[in-house]
Every structure is written in C-alpha cells, then in structure tokens.
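Now for the letters of each chain:
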Amino acid sequence: DAHNIGVIWHHCNVNGCKYKAKTSGNLKQHQALVHDVNVTWHFCDVDDCSYKTKSASNLKTHQSHVHDINVVWHYCIDGCKFKAKEAGDLRRHQRSVHGFTSPTIRKVA
C-alpha cells in the first residue's frame with residue numbers, strides 16, 4: 001500500500017488476533033480494550049452494584065446516572081420543574097415543550 005511506506009507495524013501477540021497498529025500506543029489500547037491485557041479495572045463501590053469498566057470517566061458517568069452520585073443537574077427556565085443529567089436531554093425538552101431554538105441551560109451541582 002503506497003500510504004504505508006516505511007511504516008513499522010506493531011502486531012498483536014494474542015493468539016489468533018490479526019490486529020496491527022502503526023503505533024505502540026494504539027496496540028496497547030487495542031490489547032487493553034479487546035483482550036484485557038494490562039487493564040486497570042474501575043469498580044463501582046455502591047453496595048450490590050457489580051458494574052466495572054476500563055475507564056475512570058465511564059465509572060463517573062455510571063455513578064452519576066445510575067446512583068445519582070456527584071450529579072450536575074441541568075435545569076430548565078424559571079417556572080418549569082424539568083431537570084436533566086444530560087444537557088442534550090434538556091435541549092430536547094426545551095425545543096419540544098417550550099419551542100426554544102436556542103436552549104437556555106442552568107447547571108447546578
């Protein structure tokens with residue numbers, strides 16, 4: 001392939017995997033995501049929750065959305081009791097209920 005002249009490929013050494021990457025970082029990411037090689041797991045510490053993830057940010061999202069831990073609420077306009085954990089949900093509400101074209105968002109932690 002003309003675009004790969006001089007590329008030193010990094011091949012996945014997990015049995016049967018044919019993945020190759022142009023950088024060692026991409027190979028490490030592949031091995032962690034696909035094969036669980038050198039993975040740091042992040043576990044939810046809420047009682048009776050078995051959620052685990054390879055991403056600290058995914059754990060924060062899980063805890064916010066599922067357990068209401070460290071939620072940043074997005075509130076609608078004065079007089080409306082709607083609130084959302086995601087700004088996109090608030091924008092959708094404001095467009096469909098209030099007819100907004102430019103949503104107004106107030107965040108409260």
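Each chain carries its own residue numbering, running from 1 in the direction its sequence is written. Per-residue local features are limited, in this predicted model, to residues with pLDDT of at least 70; the limit for side-chain atom pairs, both in listing and counting, is 80 or more; totals at the level of whole chains, interfaces and linings are taken over all residues. Neither water nor hydrogens contribute to the side-chain values; these are computed over all heavy atoms in the structure.

### Here's the deal with the side chain of H93
Item 1. Numbering of helices and strands runs from the N terminus; a helix is a DSSP stretch of H or I covering at least four residues, while a strand is a stretch of E covering at least two. Turning to its location among the elements, H93 is positioned in helix α3 (residues 87-98).
Item 2. By relative accessible area, H93 is classed as buried at 11%.
Item 3. Residue contacts follow a heavy-atom distance rule, with two residues in contact if any of their heavy atoms lie within 4.5 Å. H93 has contacts with C76, C80, F82 and H98, leaving out every residue within four places of it along the chain. Burial classification: accessible surface area is computed with a 1.4 Å probe over protein chains only, and a residue below 20% of its type maximum counts as buried, one above 50% as exposed, and the rest as partly exposed.

### Some remarks on the packing of aromatic side chains
Item 1. In this analysis, rings of Phe, Tyr and Trp, with Trp reduced to its six-membered ring, are considered paired at centre separations within 6.5 Å, and the interplanar angle assigns stacked below 30 degrees, edge-to-face beyond 60, and tilted for intermediate values. Taken as a whole and judged by the stated rule, the model has zero aromatic pairs.
Item 2. Counting as a charge over the ring demands two things of the Lys NZ or Arg CZ atom: a distance within 6 Å of the ring centre and an angle within 35 degrees of the ring normal. Taking the ring centre of W73 as reference, the NZ or CZ of K83 above it sits at 4.1 Å.

### Regarding the pattern of salt bridges
When the charged atoms of two side chains with opposite charge come close together, those side chains can pair.
Item 1. One side-chain nitrogen of Lys or Arg within 4 Å of one carboxyl oxygen of Asp or Glu is enough to make a salt bridge. Inspection of the entire model under this criterion finds three salt bridges.
Item 2. Notably, a salt bridge pairs K54 with D36, separated by 2.6 Å at the nearest N-O pair. One end of the pair, K54, is in the loop between β4 (52-53) and α2 (56-67); the other, D36, is in the loop between α1 (24-35) and β3 (42-43), and 18 residues separate them in sequence.
Item 3. A residue is classified by how much of its surface remains accessible, and K54, at 26% relative accessible area, is partly exposed.
Item 4. The class for D36 is partly exposed, based on a relative accessible area of 42%.
Item 5. With a shortest N-O distance of 2.4 Å, K85 and D68 are connected by a salt bridge. Of the two residues, K85 is situated in the loop between β6 (83-84) and α3 and D68 in the loop between α2 and β5 (73-75); the sequence distance between them amounts to 17 residues.
Item 6. On the basis of relative accessibility, which here comes to 21%, the residue K85 falls in the partly exposed class.

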